[in-house]
Amino acid sequence: MYLFLKAIHIIAIISWMAGLLYLPRLFIYHVSAKKGSDKSETFKLMETRLMRVIMNPAMIVSWLLGLYLAFGVPVVDMKTDMWFHIKLLLVLGLTAVHMMMAGFRKKFENDANEKSEKYFRIFNEVPTVLMILIVLLVVMKPF
Ligand code: HEM
């Protein structure tokens, strides 16, 4: 059962990460679409569906299963497993990135985005870096 739950945890993370990496790409192209145009309305639909159908449920499942593995099974010793404390901090960062994206999506929906294409290009790197650090940490468990 533990391995099965861990597999579902990883599947949920893959889905969450897909959204965290793709949504800023949509924002990059959305910036240059004329407000009110068909293109802009299509981007709005794609962004809303990605956030509501994939990213929100995937984030919730990742958190629920991760916390269950850590404290329900439990596979983590909070006194000695420093790597897990750092992982939690990095995952909180990833969750903050998710919330920021939800805010950007809302702005786009109301045709009120103020951020530039360059901003979203740089922002796009944040979840990538966090993901690399988290995977290195959970696989290598160096501390
Ligand atoms: C949302 C909050 C999260 C919590 C509470 C959490 C917690 C956990 C726990 C307790 C395990 C089992 C560790 C073990 O078997 O030694 C695990 C496994 C794993 N987690 Fe998470 N996790 C979360 C999010 C993430 C994220 C965002 C990523 C990647 C970006 C990730 C990647 C992994 C991987 C790759 C494994 C398998 C590690 C292995 O089998 O050695 N987790 N997670």
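For the structure itself, look to the data block above.
Residues numbered from 1 in each chain as written. Predicted model: local features only at pLDDT ≥ 70, side-chain atom pairs only at ≥ 80, totals over all residues. Heavy atoms only, no water.

A. Structural view of the packing of helix α1 (residues 2–31) against helix α5 (residues 125–140). Remark: α1 packs on α5, axes separated minimally by 8 Å, with the N-to-C direction vectors making an angle of 150°. One finds that α1 runs roughly antiparallel with respect to α5. Facing Met17, Leu20 and Leu21 of α1, the residues of α5 in contact are Pro127, Thr128 and Met131. Among the residues forming the contact of α1 with α5, the class breakdown is five nonpolar, one polar and no charged. (Axes fitted to C-alpha atoms, helices over the stretch in contact; angles between N-to-C directions. Helix = DSSP H or I, 4+ residues; strand = E, 2+ residues; numbered from the N terminus. Parallel < 35°, antiparallel > 145°, perpendicular 65-115°, else oblique. Contact = heavy atoms within 4.5 Å. Nonpolar A, V, L, I, M, F, W, Y, C, P; charged D, E, K, R; others polar.)

B. Geometry of the site of the ligand. Taken together, 22 residues lie around the ligand, and Tyr2, Lys6, His9, Ile13 and Lys87 are the ones closest in. Take Lys6: an N or O atom from its side chain is 2.6 Å from an oxygen atom of the ligand. Between the ligand and the protein, one listed contact pairs an oxygen atom with a side-chain N or O atom of Lys141 at 3.3 Å. Breaking the shell around the ligand down by element, the ones donating at least two residues are α1, α2 (38–72), α3 (82–109) and α5. For the shell around the ligand, a count of residues per class yields 16 nonpolar, three polar and three charged. (Near = heavy atom within 4 Å. Polar contact = N/O pair within 3.5 Å; in protein donor to acceptor, adjacent residues only side chain to side chain.)

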